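Coordinate analysis (summary)
Each chain, written out:
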Amino acid sequence: MLGAPGPKVTNFVRMGSKVRSLAALAPESVLAWPVRDPREVVRSHLLGRDGRTAHRYPTADDVFAVASKHDPWPVRRLSEALIAEGPVDFGERSLRLRHEDFCADPGAMVTRLYERLGGVADPGLIDWCRGVVRVPQRWEHADDPRWTGLFERVGAADLVADLGYV
């Protein structure tokens, strides 16, 4: 892949242990890594697309009965590795993309990404993103105080705070 000419975009899933290797293999590359509010990750897992299984979790107690048994952010180790190694190994070529920021202003996020890649975002792409990206509705259980204890229990409280989610 790296030997082929021209710019490339590659999606790596769970590559936290490979950040340093990627920086060595492709020293001019840009590391762009998305993050999402762990409460929204739980919401997505529990309620499914468009809330199709919401009837199973009508109350906050129902949500936390399930959520308390699981890590609300299973990619925590990946995020920790990216936070620790991305800026070190990629410097200014490291870019964290918050899902919520993208949804709030997809044009700004696409522009920022293209600028980091040394290019200019096509206005048609920006318009398309603005037309298809939805701003998520706030989940009624997002402010429940039990999230704090859950994040602490799984060792993610500092990470969640560092990423601006609490």
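Use the structure listed above.
Since the model is a prediction, treat every value here as computed from it, not as a measurement.

Applying the stated criterion to the full structure yields seven salt bridges. In this structure, Arg-98 and Asp-101 form a salt bridge, with 3.1 Å as the shortest nitrogen-oxygen distance. Residue classification places Arg-98 among the buried positions, given a relative accessible area of 17%. By relative accessible area, Asp-101 is classed as partly exposed at 33%. Salt bridges linked by common partners bring Asp-61, Asp-144 and Arg-146 together as one network.

Next up on the list: helix α6 (residues 106–116). Every buried residue belonging to α6 is among Pro-106, Gly-107, Met-109 and Val-110, and all of these are buried. Along the long axis of α6, the arc covered by the buried residues comes to 165 degrees, so they all point the same way. Of the surrounding secondary structure, the elements contacted by the buried residues of α6 are β2 (94–98), α5 (99–104) and α7 (123–132). Following α6 by one or two positions, Gly-118 has its phi on the positive side, about 85 degrees.

What follows concerns the nonpolar core. Judged by nonpolar contacts, the single largest core of 27 residues is most densely connected at Leu-31, Val-42, Leu-46, Val-63, Phe-90, Trp-139 and Trp-147. Going through the elements one at a time, α1 (19–25), β1 (31–35), α2 (38–47), α3 (60–67), α4 (76–90), α8 (146–153) and α9 (157–162) are the ones with two or more residues in this core. Tallying contributions element by element places α3 first for this core, with four residues. Those residues in contact with Leu-31 that sit more than four places away from it in its chain are Val-19, Leu-82, Gly-86, Phe-90, Arg-93, Ser-94 and Leu-95.

The rules behind the values
Residues numbered from 1 in each chain as written. Predicted model: local features only at pLDDT ≥ 70, side-chain atom pairs only at ≥ 80, totals over all residues. Heavy atoms only, no water. Salt bridge = Lys/Arg side-chain N within 4 Å of Asp/Glu carboxyl O. Buried < 20%, exposed > 50% of the residue type's maximum accessible area, 1.4 Å probe, protein only. Helix = DSSP H or I, 4+ residues; strand = E, 2+ residues; numbered from the N terminus. Arc of directions from axis to C-beta. Contact = heavy atoms within 4.5 Å. Core = buried A, V, L, I, M, F, W, Y, C linked by side-chain atoms within 4.5 Å.

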